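Inside the fold
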Amino acid sequence: MTASASSATNRVFNFSAGPAALPESVLREVQDEMLCLPGAGASLLEISHRDKLFVDILHDAQDTLRSLLGISEDYSVMFMQGGATLQFSAIAANLLRGSGKRAEYLLTGSWGKKAIAEAKKEGDAVAIYDAKETNYDRLPTASDYTVSDDAAYLYYCSNETIQGVQYPSEPDCPDSVPLVSDASSDLLCRPVPVDRYGLLYACAQKNAGPAGVTMVVMRKDLLERADPNTPGYLYYKNHHDNDSEWNTPPTFAIYVLGKVARWLRDEIGGLEAMEKINREKSDSLYKIIDGSNGFYRGHAQQDCRSLMNVTFNLPSDDLTAKFIAEAATHRLAALKGHRSVGGIRASIYNAMPREGVETLGQFMTDFAAANG
Ligand SMILES: *Cc1c(COP(=O)(O)O)cnc(C)c1O
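For every chain, the first residue of its written sequence is number 1, and the numbers climb from 1 along that sequence. Totals for whole chains, interfaces and linings use every residue, but because this is a predicted model, local features are given only for residues with pLDDT of at least 70 and side-chain atom pairs only at 80 or more, for both listing and counting. With hydrogens and water excluded, all non-hydrogen atoms of the structure serve as input to the side-chain values.

Convention followed: UniProt positions are given in the numbering used here, feature names are shortened, and annotations may be inferred rather than shown by experiment.
An unreviewed UniProt entry annotates the protein chain as Phosphoserine aminotransferase originating from Allorhodopirellula solitaria. Quoted verbatim from the Subunit (unreviewed entry) field of UniProt, the annotation for the protein chain is "Homodimer." Within the UniProt record for the protein chain, the comment given under Sequence similarities (unreviewed entry) is "Belongs to the class-V pyridoxal-phosphate-dependent aminotransferase family. SerC subfamily."

**Comments concerning the domain arrangement of the protein chain**
For clarity, the cut-off: Note that the domain bounds reflect an automated or database-derived domain assignment. Each of two parts loses accessible area, computed with a 1.4 Å probe, when they are put together; buried area is these two losses added. Identification of polar contacts relies on pairs of N or O atoms within 3.5 Å, with a donor-acceptor requirement for protein atoms, meaning one able to donate a hydrogen and the other able to accept it, and with residues adjacent in sequence counted only if both atoms are side-chain atoms. Numbered from the N terminus, helices here are DSSP runs of H or I no shorter than four residues, and strands are runs of E no shorter than two.
The domains assigned to the protein chain are domain 1 (12–17 + 270–371) and domain 2 (29–266). A straight line from the C-alpha centre of domain 1 to that of domain 2 covers 27 Å. Across the domain 1/domain 2 interface, buried area totals approximately 2,100 Å², and carbon plus sulfur atoms make up 55% of it. The largest per-residue losses of area from domain 1 upon contact with domain 2 belong to L271, H299 and C304, which jointly make up 27% of the total buried on that side. Along the contact surface separating domain 1 from domain 2 lie 14 residue pairs in polar contact (both at pLDDT 80 or more). Elements represented by at least two residues in the side of domain 1 that touches domain 2 include exactly α8 (271–290) and β12 (309–313). Here the element with the most residues in the side of domain 1 that touches domain 2 is α8; it accounts for five residues.

**Focus: helix α7 (residues 251–268)**
Put simply, the rule is: Given a helix with a known number of residues, its expected span is that number minus one, times 1.5 Å. Think of it in three bands: residues with accessible area under 20% of the maximum for their type are buried, residues over 50% are exposed, and the middle band is partly exposed, with areas taken using a 1.4 Å probe on protein chains only.
With 18 residues, α7 should reach 26 Å at 1.5 Å per residue; the first-to-last C-alpha distance of 25 Å fits that figure. For α7, the set of buried residues is T251, A253, I254, Y255, V256, L257, G258, K259, V260, A261, W263 and L264.

**Some words on the nonpolar core**
Selection criterion: Buried Ala, Val, Leu, Ile, Met, Phe, Trp, Tyr and Cys residues that are joined via side-chain atoms within 4.5 Å together make up what is termed a nonpolar core. Contacts between residues were defined by any pair of non-hydrogen atoms, one from each residue, lying within 4.5 Å.
Counting residues in hydrophobic clusters, the biggest one holds 90 residues, and the most contacted among them are Y105, Y153 and Y236. Residue contributions to this core peak at nine residues, all from α7. Sequence-distant contacts of Y236, defined by excluding residues within four places in its chain, comprise M78, M80, Q87, A90, I91, N94, L199, V216, M218 and L223. In this structure, F295, Y296, V310 and I344 belong to the second largest nonpolar core, which totals 25 residues.

Shown next, in the form of structure tokens:
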């Protein structure tokens, strides 16, 4: 057996929250092209970002995202570095700094809290809803918050990766206010009405590719709002005007992201088909949680359970540790929950095969029967 064949056999069902599982067919394509990208005579890792071969790859990744998400020409699709975390600052630097307005935030988990902390360095940023009293297990209802008509923007996180709380649809937002979303852990899991947004962004390493690249989809008229004296890398207009090549972009990450997007379009059949699969996968685990007579307790309230991150607790820390250790013997890996929620987190992004979820579901059922 060759080394690569044996390591492929050793692949686990990887429930990591991020960087996370990638489609195996994409990894194989990358492997095939690693030494020599067709037409390049070199690895993609070794060619210039100005090389037409790479520029075509970048454009293809943008076009595939546009077709998957139905992104119109009113929006720019940019690839940036700095992860989702840099966007916390960039959004506020471009849309809040010097505006004389206030930015309004809906806080439904850990990432929203981090985002508002950065925005406060740029201007007046206020949480108009904060679910901290219930340890971020829920979403606001429409009567829980009011967005000002003249807010700089309304910010929310569509899927809180740590808590496993996902908005089923966009929060209410006046037409006059740009809606901004951190969709890092759920962009591409289902169709999105992009035209409702001023800006949405996602780092790739959860649901769309490797670490190193962040997708930013921004309504073009908003590009003009920022002060040109904004630090250059944070100034969206630099990235838009230079087609994501204002400086050297993360070429390898964009290349893999493009392949994942093509996999979604060509092998899965687009975002509606993907959502159907994601619902089947997540429903099957939530059903086991709900049918366990309280052995498993879901963290998120039922109406906001995530399709991507299934979070639950067991009766004790000892049982949680036993669950994780025994799961590993079934090739079920990276299930430990984040310390702020505890318990188990099964991240079942697009690339997690049904078989992995079925294996986990069977293990959960057997474990509850043996230990309940
Ligand atoms: C992972 C994650 C982030 C942070 O991403 P980085 O690329 O590490 O900065 C932000 N928001 C959400 C929702 C995430 O899942």
